[in-house]
Structures are given as structure tokens and as C-alpha cells.
Amino acid sequence: MANCTLLITGFEPFHQETINPSWEAVAALPETIGPWKLEKLRLPVVFGQAAELVLARAEEIHPDVILSVGQAGGRDAITPEVIAINLQNASIPDNAGNQPHHLPIHPEGHDGYFATVPVRRMVDAAQEKGIPCKLSYSAGTYVCNDVFYRLLYHHRESGVQVGFIHVPFLPQQAKVGQPSMALEEMVRGLD
Ligand code: PCA
């Protein structure tokens, strides 16, 4: 019986892409996994706004864990992120045209917050299934890091666990020579 709630998010496409593997994979997950009931949410690629939507949904459903998933084109594995940093620095505009340069996310926040989900056990579990998966020590300084930082900051004392997972391009997105991962493998890895 599902008695734990996981709020899991993926992003809309951004920057010349017409799909985002993070949402494709999240949408393809089952509605329950073991004791977990999944609540899925598709996020805009917009600084600030994306995290606000997650926090608003969390207020309604009181999840035990929040996991956000995002695209990291060029990576060759599923990569749970270890840390979020207090910095917004965008080399391309977000989907609302914002392009912050070297700004703190929360001026009064710590420089960084570590993921509060068990990232090493997550990597081990995916690797045991034969899925390419490794830790990442940087979620970048774009919207994914922004969401990750804001969620960790908000839930720094609430007991709600927060994590972020970057996924590679899907095969149809990868240009010649770029790594990618099939949707089915990505879904098994997230599961
Ligand atoms: N990847 C971007 C933002 C949305 C997404 O899927 C990032 O890594 O910041």
C-alpha cells in the first residue's frame, strides 16, 4: 500500500529543444513504486517561478520527499546532484527571458546546501540494475540549480527530503558524437 508521498518534477523544453527528457521520463514512471505514491509536476524553465510552483504543490500534498529531475545535455549517465549553490548565472535566457548574472538566490542563505536524499544509495541502486549512474558535484548555475537550492533552503528544517537528478539527452536530441540515454533506460534508472 502506498503510504509515502513523493513529489517528483520534470521540466518543459528549453533552448531550441522541443522535448525535455526529464519530463518525458517522469511522465513515464508508474503512479506508485513500492510504498511510494508519485505526484508528478511539470515545471516551467523560469528562475524563481519553477521552485514556487513546487513549494505551492508541496503545501497542498505534504510530500515526504521532493525529487526534481532536469536535462543535462552532454552527460552520459543519470546524475544525482550532491549540492546546490547560492548562485544564479545564466549563459542563455530562461523561458521567460530572464538572464541573471552572478546573483545570489537567497542573499541570507548559505553558500550551498547538500541534498538531503541518500544520493550514494541512489547511485548504487541504479548501478545494480546496470544503469549508468554517478554522482554529480555541480547542478550548474541555471534553473535546475535554482530550483534545487530554493527547495533545500525552504525545507532546511522541515524534515522533507529534497533531491535533484540530472538526466542525459534522449537519442533523438543528441547531435553526432554526443552521449544520450534511451527513455526506457532512464525510466528504469529513476525507478
Ligand atoms: N535543465 C536546465 C534547466 C531545465 C532543465 O531541464 C538546467 O540544468 O539548469
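Being a predicted model, the structure only gives us computed values, none of them experimental.

Student: What's the story with the side chain of asparagine 20 in this structure? I'm lost.
Tutor: Tracing the backbone shows asparagine 20 in the loop between β1 (4-11) and α1 (21-28). Within the local environment of asparagine 20, its side chain forms a polar contact with the backbone oxygen of glutamate 12, the two atoms lying 3.0 Å apart. Ignoring anything within four residues of it in the chain, the contact list for asparagine 20 reads Phe11, Glu12, Pro13, Phe14 and Gln71.

Student: In this structure, what is going on with the pattern of salt bridges? I would like to understand it.
Tutor: When the charged atoms of two side chains lie near each other, side chains of opposite charge can form a pair. According to the stated counting rule, one finds 9 salt bridges in the structure shown. Its salt-bridge partner being glutamate 81, residue arginine 75 comes within 2.8 Å of it at the nearest N-O pair. The residue aspartate 146 makes a salt bridge to arginine 150 at a minimum N-O spacing of 3.0 Å. Of the two residues, aspartate 146 and arginine 150 both sit in helix α4 (residues 143-154), 4 residues apart, roughly one turn of that helix. Arginine 150 matches aspartate 146 in its accessibility class, with the two residues each being buried. Linked by salt bridges that have partners in common, Lys37, Glu39, Arg57 and Glu60 make up one network.

Student: How do you make sense of the layout of surface pockets when you look at a structure like this?
Tutor: Here the idea is plain: a probe the size of a water molecule rolls over the atoms and shows the empty space left. Approximately 640 Å³ is the volume attributed to the largest pocket. Surrounding the largest pocket, 27 residues form its lining, Trp36, Leu67, Met122, Leu190 and Asp191 being those nearest its centre. Every element with two or more residues in the lining of the largest pocket is listed here: β1, β3 (36-43), β4 (65-71), α3 (119-128), β8 (161-167) and α5 (183-190). The biggest single contributor to the lining of the largest pocket is α3, with 5 residues. Tallied by class, residues from the lining of the largest pocket come to 20 nonpolar, 3 polar and 4 charged. Considered as a void within the structure, the second largest pocket measures approximately 440 Å³ in volume.

Student: How should the site of the ligand be read in this particular structure?
Tutor: The local shell around the ligand consists of Phe11, Phe14, Asn20, Val45, Gly70, Gln71, Tyr142, Val143, Cys144 and His166. Note that an oxygen atom of the ligand is positioned 2.9 Å from one of the side-chain N or O atoms of asparagine 20. At 2.9 Å from an oxygen atom of the ligand is found a main-chain nitrogen or oxygen belonging to cysteine 144. Expressed as a share of its isolated accessible area of 270 Å², the protein-covered part of the ligand is 94%. In this structure, the ligand is accommodated by the second largest pocket.

Calculation criteria
- Residues numbered from 1 in each chain as written.
- Predicted model: local features only at pLDDT ≥ 70, side-chain atom pairs only at ≥ 80, totals over all residues.
- Heavy atoms only, no water.
- Helix = DSSP H or I, 4+ residues; strand = E, 2+ residues; numbered from the N terminus.
- Polar contact = N/O pair within 3.5 Å; in protein donor to acceptor, adjacent residues only side chain to side chain.
- Contact = heavy atoms within 4.5 Å.
- Salt bridge = Lys/Arg side-chain N within 4 Å of Asp/Glu carboxyl O.
- Buried < 20%, exposed > 50% of the residue type's maximum accessible area, 1.4 Å probe, protein only.
- 1 Å grid on protein atoms, 1.4 Å probe; cavity = no way out; pocket = protein on both sides within 12 Å on 5 of 7 lines; lining within 4 Å.
- Points joined across faces, edges and corners; volume = space filled by probe spheres on them.
- Nonpolar A, V, L, I, M, F, W, Y, C, P; charged D, E, K, R; others polar.
- Near = heavy atom within 4 Å.
- Areas by Shrake-Rupley, 256 points an atom, 1.4 Å probe, with all protein chains shown as cover.
- Sits in = over half its atoms within 2 Å of the grid points.

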